[in-house]
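# Structural features, examined
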Amino acid sequence: MNMDYDLFMQEILKTARAEIEAAGYEQLRTPEAVEEAFARPGTTLVMVNSVCGCAGGIARPAATQCVHYDKRPDHLVTVFAGQDKEATAAARYHFGEDHLPSSPSFVLLKDGQVVAEVGRYEIEGHDPMSVVTNLQANFEEYCEEL
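### What about the pairing of strand S5 (residues 113-118)?
Residues in a regular strand project their side chains so that they alternate between the two faces of the sheet. Taken together, the 5 bridges between strand S4 (residues 105-110) and S5 define a ladder with antiparallel strand orientation. The partner of Val107 across the bridge, within S5, is Glu117. As consecutive antiparallel partners, S4 and S5 are separated by 2 residues, and within that stretch Asp111 has a phi angle of approximately 50°, a positive value.

### A look at empty space enclosed by the protein
Scanning the model with the defined rule gives 1 cavity of 30 Å³ or more in all. Around the largest cavity, the lining residues are Arg17, Ile20, Gln27, Leu28, Asn49, Thr78, Val79, Phe80 and Asp84. At the level of secondary structure, the elements contributing two or more residues to the lining of the largest cavity comprise helix H1 (5-22) and strand S3 (75-80). Counting residues per element, the lining of the largest cavity draws most heavily on S3, at 3 residues. Of the residues in the lining of the largest cavity, the class split is 4 nonpolar, 3 polar and 2 charged.

### Quick notes on the packing of helix H3 (residues 53-66) against helix H5 (residues 128-142)
H5 packs onto H3 with a crossing angle of 45° between their chain directions and a minimal axis gap of 8 Å. The orientation of H3 relative to H5 falls into the category oblique. Along this stretch, H3 crosses H5, giving a crossing that reads as right-handed. Residues Gly57, Ile58, Pro61, Ala62, Gln65 and Cys66 of H3 pack against Pro128, Val131, Val132, Leu135, Gln136 and Phe139 of H5. Of the residues contributing to the contact of H3 with H5, the split by class is 9 nonpolar, 3 polar and no charged.

### Observations regarding the pattern of salt bridges
Inspection of every chain in the model, using the stated rule, returns 6 salt bridges. As a salt-bridge pair, Arg17 and Asp84 come within 3.0 Å of each other at their nearest N and O atoms. Placement of Arg17 in helix H1 and of Asp84 in the loop between S3 and helix H4 (85-95) is noted, with a sequence separation of 67 residues between them. Owing to a relative accessible area of 12%, Arg17 belongs among the buried residues under this scheme. Its salt-bridge partner being Asp84, residue Arg29 comes within 3.4 Å of it at the nearest N-O pair.

### Quick look at the packing of H1 against H3
In a packed pair of helices, the relevant descriptors are the angle between the two axes and the axis-to-axis distance. At a minimum axis distance of 9 Å, the contact between H1 and H3 shows a crossing angle of 20°. By the angle between their directions, the pair H1 and H3 is classed as roughly parallel. As H1 runs across H3, the sense of the crossing is left-handed. Of the residues in H3, those touching H1 at Ala16, Glu19 and Ile20 are Arg60, Pro61 and Ala63. Broken down by class, the residue content of the contact of H1 with H3 amounts to 4 nonpolar, no polar and 2 charged.

Calculation rules
Residues numbered from 1 in each chain as written. Predicted model: local features only at pLDDT ≥ 70, side-chain atom pairs only at ≥ 80, totals over all residues. Heavy atoms only, no water. Pairing = 2+ DSSP bridges. Helix = DSSP H or I, 4+ residues; strand = E, 2+ residues; numbered from the N terminus. 1 Å grid on protein atoms, 1.4 Å probe; cavity = no way out; pocket = protein on both sides within 12 Å on 5 of 7 lines; lining within 4 Å. Points joined across faces, edges and corners; volume = space filled by probe spheres on them. Nonpolar A, V, L, I, M, F, W, Y, C, P; charged D, E, K, R; others polar. Axes fitted to C-alpha atoms, helices over the stretch in contact; angles between N-to-C directions. Parallel < 35°, antiparallel > 145°, perpendicular 65-115°, else oblique. Left-handed = near helix turned anticlockwise from the far one by under 90°. Contact = heavy atoms within 4.5 Å. Salt bridge = Lys/Arg side-chain N within 4 Å of Asp/Glu carboxyl O. Buried < 20%, exposed > 50% of the residue type's maximum accessible area, 1.4 Å probe, protein only.

In structure tokens form, the structure reads like this:
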């Protein structure tokens, strides 16, 4: 059986993008889109997406479920590491020098400033609900009821 690797990967990417978009996240695919999104007032949850197993099995399910909470971010956005490389680099630039580039990960911004992060080390090897709990604790501290 011959399988074209590029076609296989494109299907995985299409599924990963559709999954996060269906959860209400805006895809930021260019540096300009990142700049616009990060300039918005209020709170913004940035999900750094990936094709790895912990993104598909833990981070994206957590991204979908975490927003079912009384306090949640005003904006939900995502960049796709390894795919939308320039957009991801622009986002990571805003996260600051102390940010360890990791994917998947989550960064919570308030008025464009980083206030909380959930890195890959807090995702990989954990179950989705523990990531949800971690994210919602950040929402409790930094977000308003919607």
